[in-house]
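# Examining the three-dimensional arrangement
The residues making up each chain are set out below.
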Amino acid sequence: DAKTTQPPSMDCAEGRAANLPCNHSTISGNEYVYWYRQIHSQGPQYIIHGLKNNETNEMASLIITEDRKSSTLILPHATLRDTAVYYCIVRPPGGGADGLTFGKGTHLIIQP
Amino acid sequence: SQTIHQWPATLVQPVGSPLSLECTVEGTSNPNLYWYRQAAGRGLQLLFYSVGIGQISSEVPQNLSASRPQDRQFILSSKKLLLSDSGFYLCAWSVGGLETQYFGPGTRLLVL
């Protein structure tokens with residue numbers, strides 16, 4: 001799996017958009033970008049994934065640069081409950097039934 | 001909809017005692033199943049994964065074992081726990097060919 005780089009921590013004010021960056025400069029053409037988050041003492045939660053086009057769901061938006069070497073996860077209106085560690089993961093499709101490789105992620109702290 | 005259950009939620013065990021953690025998935029057939037461990041302050045480590053009944057792949061050699069007696073049941077066991085086995089154990093599932101994994105609530109194990 002391609003390596004990803006994320007800032008270790010970020011702050012965001014409640015109600016504002018939280019923009020979490022991820023660098024994946026060695027991503028291959030068929031690899032997807034996945035985002036998960038882990039709220040303290042809970043299991044990781046899937047957020048969103050994408051290949052080339054920007055994606056949006058009820059939780060977040062994913063913006064992938066044209067060269068696919070980086071991406072940004074956007075939480076449009078952050079709430080205190082969005083405080084969590086956010087993981088950016090790159091994986092090929094059907095990459096097997098083996099597990100995900102979680103790095104250290106970004107600890108996002110939403111400030112009241 | 002699919003749901004994943006883990007029990008117990010918390011467990012305190014003495015060193016040398018046996019262990020059995022259970023994970024069940026509802027609402028899907030023939031899922032891929034995974035066991036991860038998260039030690040305190042560290043990232044997730046894949047322990048085992050299974051693509052079908054009786055099929056177990058181990059990622060890390062250790063004193064733990066896994067079994068899949070039924071399609072939607074995954075069990076993590078140990079004959080003799082070590083202090084280093086303490087951690088947060090997470091079960092996850094995915095559908096073959098897709099990379100999105102869905103995690104259970106986890107079991108927090110403390111070995112004393």
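Heads up: these notes are all about the structure in this document. Along each chain, numbering runs from 1 in the same order as the chain's sequence is written. Written order determines the labels here, with chains lettered from A and ligands numbered from 1. Only residues with pLDDT of 70 or above have their local features reported here, since the model is predicted, and side-chain atom pairs are shown and tallied only from 80 upward, although totals for entire chains, interfaces and linings are computed over all residues. In computing side-chain properties, one takes all heavy atoms of the structure into account and sets aside hydrogens as well as water.

### A word on the overall build of chain A
This is how the line gets drawn: Numbering of helices and strands starts at the N terminus; helices are DSSP runs of H or I of at least 4 residues and strands are runs of E of at least 2. Just to be clear, the radius of gyration here is over C-alpha atoms, and the globule rule we use is 2.2 Å times residues to the power 0.38. In this scheme, a residue with accessible area under 20% of its type's maximum is buried, one over 50% is exposed, and one in between is partly exposed, where area comes from a 1.4 Å probe on protein chains only.
From N to C terminus, chain A includes 0 helices and 9 strands. Helices (α) and strands (β) of chain A occur, in sequence order from the N terminus, as β-β-β-β-β-β-β-β-β. Computed over the C-alpha atoms, the radius of gyration of chain A is 13 Å, within 12% of the 13 Å expected from 2.2 N^0.38 for a compact globule of 112 residues. Counting all 112 residues of chain A, 44% fall into the buried class.

### Thoughts on the state of the cysteines
Defined as follows: Any pair of cysteine sulfurs within 2.5 Å is marked as a disulfide.
Per the stated rule, a full pass over the model turns up 2 disulfides over all chains. Here Cys22 of chain A connects covalently by a disulfide to Cys88 of chain A, the sulfurs 2.1 Å from one another. The sign of the -85 degrees torsion about the S-S bond sets the Cys22 of chain A-Cys88 of chain A disulfide as left-handed. Within this pair, whereas Cys22 of chain A is found in strand 2 (residues 18–23), its partner Cys88 of chain A is found in strand 8 (residues 84–91), the two being separated by 66 residues in sequence. For Cys22 of chain A, a relative accessible area of 1% translates into the label buried. With a sulfur-sulfur separation of 2.0 Å, Cys23 of chain B is cross-linked through a disulfide to Cys91 of chain B. With the S-S bond torsion at -75 degrees, the cross-link from Cys23 of chain B to Cys91 of chain B turns out left-handed. With Cys23 of chain B in strand 3 (residues 19–26) and Cys91 of chain B in strand 9 (residues 87–94), the pair connects residues that are 68 residues apart, well separated along the chain.

### A closer look at the sheet that holds strand 4 (residues 45–50) of chain A
Residues and elements named next belong to chain A. Basically, it comes down to this: Should DSSP find at least two bridges between two strands, the strands are regarded as paired. What counts as an axis is a line fitted to C-alpha atoms, over the stretch in contact for a helix, and the angles between N-to-C directions run from 0 to 180 degrees.
If you trace the 5 strands from one edge of the open sheet to the other, you get 1-9-8-3-4, paired in mixed fashion. Strand pairing shows two members of the sheet lacking a second neighbour, strand 1 (9–13) and strand 4, which therefore form its edges. Across the sheet, the axes of successive neighbouring strands diverge by a mean angle of 25 degrees, strand direction being ignored. Two elements, strand 3 (residues 32–38) and strand 4, share 5 bridges in a ladder whose sense is antiparallel. Following the sheet pairing, Val33 is matched in strand 4 by Gly50.

### Considerations on the sheet that holds strand 8 (residues 73–78) of chain B
Strands pair in a sheet through their backbones, by hydrogen bonds, and they do so in one of two ways: parallel or antiparallel. All names here are of chain B. Across the sheet, 4 strands lie side by side as 1-3-8-7; this open sheet has antiparallel pairing. The outermost strands of the open sheet, each flanked by one partner alone, are strand 1 (3–7) and strand 7 (64–70). Strand-to-strand, the axes of this sheet are offset by a mean angle of 20 degrees, without reference to chain direction.

### Some words on the interface of chain A and chain B
Defined as follows: In what follows, residue pairs with any heavy atoms lying within 4.5 Å of each other are defined as contacts. What gets called buried area is simply the loss in accessible area from a 1.4 Å probe that two parts show on being joined, summed for both. When a carboxyl oxygen of Asp or Glu lies within 4 Å of a side-chain nitrogen of Lys or Arg, that pair is called a salt bridge. Any pair of nitrogen or oxygen atoms within 3.5 Å is treated as a polar contact; in protein, a donor-acceptor pairing is required on top of that, and neighbouring residues in sequence qualify only through side-chain atoms on both sides. Each residue is assigned to one of three groups, with Ala, Val, Leu, Ile, Met, Phe, Trp, Tyr, Cys and Pro labelled nonpolar, Asp, Glu, Lys and Arg labelled charged, and all others, Gly among them, labelled polar.
Tallying the contact residues gives 21 residues for chain A and 19 residues for chain B. Of the roughly 1,500 Å² buried at the junction of chain A and chain B (both faces included), carbon and sulfur atoms supply 55%. Our enumeration of links across chain A and chain B arrives at 0 salt bridges. Taken together, the links from chain A to chain B amount to 2 residue pairs in polar contact (both at pLDDT 80 or more). Of all the elements in the fold, those that place two or more residues in the side of chain A that touches chain B are strand 3, strand 4 and strand 8 of chain A. It is strand 3 of chain A that provides the largest number of residues to the side of chain A that touches chain B, a total of 3 residues. Considered class by class, the residues forming the side of chain A that touches chain B number 10 nonpolar, 9 polar and 2 charged.

### Considerations on the packing of aromatic side chains
Condition: Each pair of aromatic rings taken from Phe, Tyr and Trp, with Trp reduced to its six-membered ring, is defined by centres within 6.5 Å and is described as stacked if the planes are under 30 degrees apart, edge-to-face if over 60, and tilted in the remaining cases.
In this structure the tally under the stated criterion is 13 aromatic pairs over all chains. A ring pair is formed by Phe102 of chain A and Tyr36 of chain B, whose centres lie 6.3 Å apart and whose planes are at 90 degrees; its orientation type is edge-to-face. Of the two residues, Phe102 of chain A is situated in the loop between strand 8 and strand 9 (106–111) and Tyr36 of chain B in strand 4 (residues 32–38); the pairing between them involves two chains. Each member of the pair, Phe102 of chain A together with Tyr36 of chain B, is buried. Measuring from centroid to centroid gives 6.1 Å for Trp35 of chain B and Phe74 of chain B, while their planes differ by 25 degrees, and the two rings are stacked. With a gap of 39 residues between them, Trp35 of chain B in strand 4 and Phe74 of chain B in strand 8 connect regions that are remote in the sequence. Since its relative accessible area comes to 0%, Trp35 of chain B is described here as buried. Looking at Phe74 of chain B, the relative accessible area reads 0%, which means it is buried.

Just distances and angles here, no functional claims.
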